Amino acid sequence: MEIKKLHSLKGELSVPGDKSISHRAVMFGSLARGTTRITHFLESADCLSTISCFEKMGISIQRKKGEVLVEGKGLHGLSAPASVLDAGNSGTTTRLISGILAGQNFSSQLSGDDSLKSRPMNRIITPLTMMGADIKSLKGDGCAPLFITGKPLKGIHYISPVASAQVKSCVLLAGLYAEGPTSVTEPVLSRNHTEIMLKYLGAEVTAAGTTCSVCPEPSLTARDILVPGDISSAAYFMAAGLLAPGSEILLKNVGINPTRDGMLKVCRAMGGNITLLNENREGEPTADLLIRSSSLHGTVIEGDIIPTLIDELPMIAVMAAFASGTTVIRDAQELRVKESDRIQVMVDNLRLMGADIEGTADGMVIHGGPSLHGAVIDSHLDHRVAMSFAVAGILCDGPLTILHGDCVNISYPDFYQDLYGLAEL
Ligand code: S3P
């Protein structure tokens, strides 16, 4: 993908539906009784992987543009898949479905692409095994392919060493099939979409601080689900609109759940001019975001805010390289086990563009300021890396080439069209 410099970005954009919420709507809709109508569903490769897994387990799912109808059969309505469940590139699909599969009365195998097969699964194998599950990494390396033999489960109180919504959700979903209540305590609160949606569909869920609990065998009832715009997709336009001089962009209906809104806070801490309009605080909170170009400066990003912006850190690293002063990112060691090692990949690629950046074990130190130039950068098939560098490419001097730029399909198939659609050439 060749990216050329753009002068300013102007106009309105409705970003695609939230990826985390779209996955959950299909999964929980499959476990509810009745028809779940999902509006503004994210039709990207990751969410289609989730759909195909549930279709293989006997759930009928119809897709029309932007709307999905899931014919849920209840908590015990899934049937044994005839072949391997393919989660593609999606860690969320793999880890959440594992929790559901652990309590079924059939066996199944879950696998995916090379990136997925290198991602750590012991973080779910450990708590599921404590619940009595039979889940094995087939190669014994703690990664997928996973073989899961459904077993009766018992509820546990799991103290998770990592702030991960995928781990938390996996354990809570297994808890729906367990004997007795299940709870999870995390070191820092991670995104709470599972808790919100399970409760909305009728489960008994309680949350206090960084602990949440579910009661087993809820009767989940289908309800319409409206998916808000994904703040992780909006992040590229927030950064581009703030950095490109003379820009003004209105991003419509973006999810601003406080467990996901760290990007908003960091943009403001860096001096970004962002106004929230039409705020709606019911269920999953949303707002329109008005972005105006601003002169950005460095900041320190660490501690409890990290899980609320974990997927936005590649974009933040690029923003910091264009801002004045130094930005320090700490406590983000999870970046090393995402779709790529996002610390290494961002450092290597930003250096190719002339940035002054160092990687640390758990983050990055970025000295902003030097003007960045075009280069040939490798996305390592990581969608968030590709989109972050597309934003760098519209701002730097000279053309930027992104290798494997089409991996944006994972979360945002129309990304390049939307970016160029806002361009004032
Ligand atoms: C997700 C949780 C996060 C995030 C991922 C989506 C989810 O991962 O990075 O893109 O939908 O639960 P972790 O839970 O591993 O931090």
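Analysis parameters
- Along each chain, the written sequence defines residue order, and numbers are assigned to residues from 1.
- Local features in this predicted model are restricted to residues whose pLDDT is 70 or higher, and side-chain atom pairs enter the listing and the counts only when it is 80 or higher, whereas totals over whole chains, interfaces and linings include all residues.
- Hydrogens and water are ignored here; the side-chain numbers use all heavy atoms of the structure.
- UniProt positions are given in the numbering used here, feature names are shortened, and annotations may be inferred rather than shown by experiment.
- Starting at the N terminus, helices and strands are each numbered in turn, a helix being any DSSP run of H or I of at least four residues and a strand any DSSP run of E of at least two.
- Every radius of gyration here is taken over C-alpha atoms, with the globule rule written as 2.2 Å times N^0.38, N being the number of residues.
- Only protein chains enter the area calculation, which uses a 1.4 Å probe; residues under 20% of their type maximum are buried, those over 50% are exposed, and those in between are partly exposed.
- In what follows, a contact means two residues having at least one pair of non-hydrogen atoms within 4.5 Å.
- Per-residue accessibility takes into account occlusion by the displayed protein chains alone, with areas from the Shrake-Rupley method and a 1.4 Å probe.
- Here Asp and Glu are counted as negative and Lys and Arg as positive; His is not counted, and neither are the chain ends.
- Positions of charges follow a simple convention, taking NZ of Lys, CZ of Arg, CG of Asp or CD of Glu.
- One heavy atom within 4 Å of a molecule or strand makes the whole residue count as near it.
- Think of it as three bins: nonpolar holds Ala, Val, Leu, Ile, Met, Phe, Trp, Tyr, Cys and Pro, charged holds Asp, Glu, Lys and Arg, and polar takes everything else, Gly as well.

An unreviewed UniProt entry lists the protein chain under the name 3-phosphoshikimate 1-carboxyvinyltransferase, with Candidatus Blautia faecavium given as the organism. UniProt lists a comment for the protein chain under the heading Catalytic activity (unreviewed entry), and it reads "3-phosphoshikimate + phosphoenolpyruvate = 5-O-(1-carboxyvinyl)-3-phosphoshikimate + phosphate".

Draft legend 1. Quick peek at the overall build of the protein chain. Helices and strands together make up the secondary structure of the protein chain, namely 12 helices and 26 strands. Here the C-alpha radius of gyration of the protein chain, 21 Å, is about what a compact globule of 425 residues would show, namely 22 Å. Dimensions of the protein chain along its principal axes, counting C-alpha atoms only, are 60 × 40 × 40 Å. A burial count over the protein chain gives 61% of its 425 residues as buried. For the protein chain, the proportion of contacts with a sequence separation of at least 24, taken over those separated by at least 6, is 74%. Within the structure as shown, the protein chain displays about 14,900 Å² of accessible surface, and the carbon and sulfur contribution to it stands at 52%. Charge centroids of the protein chain, computed over 36 positive and 45 negative side chains, lie 3 Å from each other.

Draft legend 2. Representation of the site of the ligand within the structure. Looking at the ligand, the residues that line it are Ser20, Arg24, Thr92, Arg95, Ser164, Ala165, Gln166, Arg191, Ile310, Asp311 and Lys338. Its free accessible area being 380 Å², the ligand has 94% of it covered by the protein chains. Contributions of two or more residues to the shell around the ligand are made by α1 (19–31), α3 (91–102) and α5 (165–175). Partitioning the shell around the ligand into residue classes produces two nonpolar, four polar and five charged.

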